[in-house]
Amino acid sequence: MPLTRSSGLRAWQRWRRGPDLDVPLDTTDVEDANRRFLLYGVLPLWVVPAVADWWMHRRSHIEDTSGTRESAVHALMMAEAGVPVAMGLLAKVNPLVLSAMGGAALAHGATALYDVSLATGEREVRPLEQHIHSFLEVLPLSAMAFTACLHSDQVRALVAGGRSPEDWRLLPKENPLPVRYLAGLAAVIGLGVALPYTEEMTRCVRARRAGRKR
């Protein structure tokens, strides 16, 4: 039976009705080890260089130099990284999701290059901040690489052109990730990424308004 838009919507309405994905912590199986490293290593630890980068921006007084322009670029990069991550966590990994991850990684890299070009013309970018950027640029590629290894059949389907109707539909995972894990990761991202960079944008907007008044 061909997959239609309505059937895709019904699939999302039934999301979480299937059994949660089992991610055992005590096995040495290669697939389980890769999934553990991706879920409990790469994704949560992404927050560490993000917070460090925010601190470097604060230390160099971004609000008095590149200001809202650079902060808006940071928000764009977070979206470029966050959308494919959300797709990988919630949706079935297929050629559509893999293509979105690859496109987002390329866009993120190009935006990061523009970000550094903008920043170096407006404020001091220290070697430590440049080194932090290297982690932020490679982590999306690492996440995509681990995802591709865990779903090699979908990589083959993508290379073959994605001939099945399901290859280009955004569908929920048959075995969703546990709610506890998703909630924990959302809290980590909220506290370690969304909150500090919202503070940065707020600070830049206030400084811009204060400069206009002066």
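Our structure is the block above this text.
Report on the accompanying structure. Fair warning: this is a prediction, and the values are worked out from it, not measured in the lab. (Residues numbered from 1 in each chain as written. Predicted model: local features only at pLDDT ≥ 70, side-chain atom pairs only at ≥ 80, totals over all residues. Heavy atoms only, no water.)

Turning our attention to the pattern of salt bridges. Overall, the coordinates contain nine salt bridges when judged by the stated rule. Two residues, glutamate 63 and arginine 203, come together in a salt bridge whose shortest N-O distance is 2.6 Å. Here glutamate 63 is found in the loop between α3 (47-59) and α4 (67-90), whereas its partner arginine 203 is found in helix α8 (residues 179-213), with 140 residues between them in sequence. The pair glutamate 63 / arginine 203 is uniform in exposure class, with both members buried. For arginine 203, the salt bridge identified is with glutamate 199, shortest N-O distance 2.9 Å. Placement of both arginine 203 and glutamate 199 in helix α8 is noted, with a separation of four residues, approximately one turn of the helix. The class for glutamate 199 is partly exposed, based on a relative accessible area of 27%. Linked through salt bridges whose partners overlap, the residues forming this network are Arg58, Glu63, Glu199 and Arg203. (Salt bridge = Lys/Arg side-chain N within 4 Å of Asp/Glu carboxyl O. Helix = DSSP H or I, 4+ residues; strand = E, 2+ residues; numbered from the N terminus. Buried < 20%, exposed > 50% of the residue type's maximum accessible area, 1.4 Å probe, protein only.)

Overall, the coordinates contain three aromatic pairs when judged by the stated rule. Ring geometry for tyrosine 40 against tyrosine 181: centres 5.3 Å apart, planes inclined by 80 degrees, an arrangement best described as edge-to-face. Taken as a pair, tyrosine 40 in helix α2 (residues 30-45) and tyrosine 181 in helix α8 lie far apart in primary sequence, 141 residues in all. On the accessibility criterion, tyrosine 40 (45% relative accessible area) is partly exposed. (Phe/Tyr/Trp six-rings, centres within 6.5 Å; stacked < 30°, edge-to-face > 60°.)

Turning to the layout of surface pockets, a few remarks are in order. Estimates place the volume of the largest pocket at around 600 Å³. Listing elements by their share of the lining of the largest pocket, those giving two or more residues are α2, α4, α5 (95-120), α6 (127-150) and α7 (152-159). For the lining of the largest pocket, the leading source of residues is α4, giving six residues. Residues belonging to the lining of the largest pocket are distributed by class as follows: 18 nonpolar, six polar and six charged. Taken as a whole, the second largest pocket encloses approximately 510 Å³ of empty space. (1 Å grid on protein atoms, 1.4 Å probe; cavity = no way out; pocket = protein on both sides within 12 Å on 5 of 7 lines; lining within 4 Å. Points joined across faces, edges and corners; volume = space filled by probe spheres on them. Nonpolar A, V, L, I, M, F, W, Y, C, P; charged D, E, K, R; others polar.)

The next thing to look at is the nonpolar core. Core analysis: the biggest nonpolar cluster contains 24 residues, and Leu38, Leu39, Leu43, Trp46, Leu89, Leu177 and Tyr181 have the highest contact counts within it. Elements that contribute at least two residues to this core include exactly α2, α3, α4, α6 and α8. Apart from the residues within four sequence positions on either side, tyrosine 181 is in contact with Leu39, Tyr40, Leu43 and Leu89. The next biggest cluster of nonpolar side chains, apart from the first, holds six residues, and it includes Ala91, Val97, Leu98 and Met101. (Core = buried A, V, L, I, M, F, W, Y, C linked by side-chain atoms within 4.5 Å. Contact = heavy atoms within 4.5 Å.)

This part takes up the side chain of arginine 35. Note that arginine 35 resides in helix α2. Aside from chain neighbours lying at most four places away, what touches arginine 35 is Leu21, Val23 and Leu150.

What follows is about the packing of α2 against α6. Where α2 meets α6, the closest approach of the two axes is 10 Å, and the angle between their N-to-C directions is 155 degrees. Taken together, the axes of α2 and α6 are roughly antiparallel relative to one another. When you trace α2 past α6, the crossing you get is left-handed. From α2, Glu31, Asn34, Arg35, Phe37, Leu38 and Val42 reach across to α6, where they touch Leu139, Ala143, Phe146, Thr147 and Leu150. Looking at the contact of α2 with α6, its residues break down into seven nonpolar, two polar and two charged. (Axes fitted to C-alpha atoms, helices over the stretch in contact; angles between N-to-C directions. Parallel < 35°, antiparallel > 145°, perpendicular 65-115°, else oblique. Left-handed = near helix turned anticlockwise from the far one by under 90°.)

What follows covers the side chain of glutamate 129. Mapped onto the secondary structure, glutamate 129 falls in helix α6. A relative accessible area of 0% places glutamate 129 in the buried class. In this structure the side chain of glutamate 129 is engaged in a polar contact, spanning 2.8 Å, whose partner is the side chain of arginine 123. Other than its neighbours up to four places away in sequence, glutamate 129 contacts Asp53, Met56, His57, Arg123 and Glu124. (Polar contact = N/O pair within 3.5 Å; in protein donor to acceptor, adjacent residues only side chain to side chain.)

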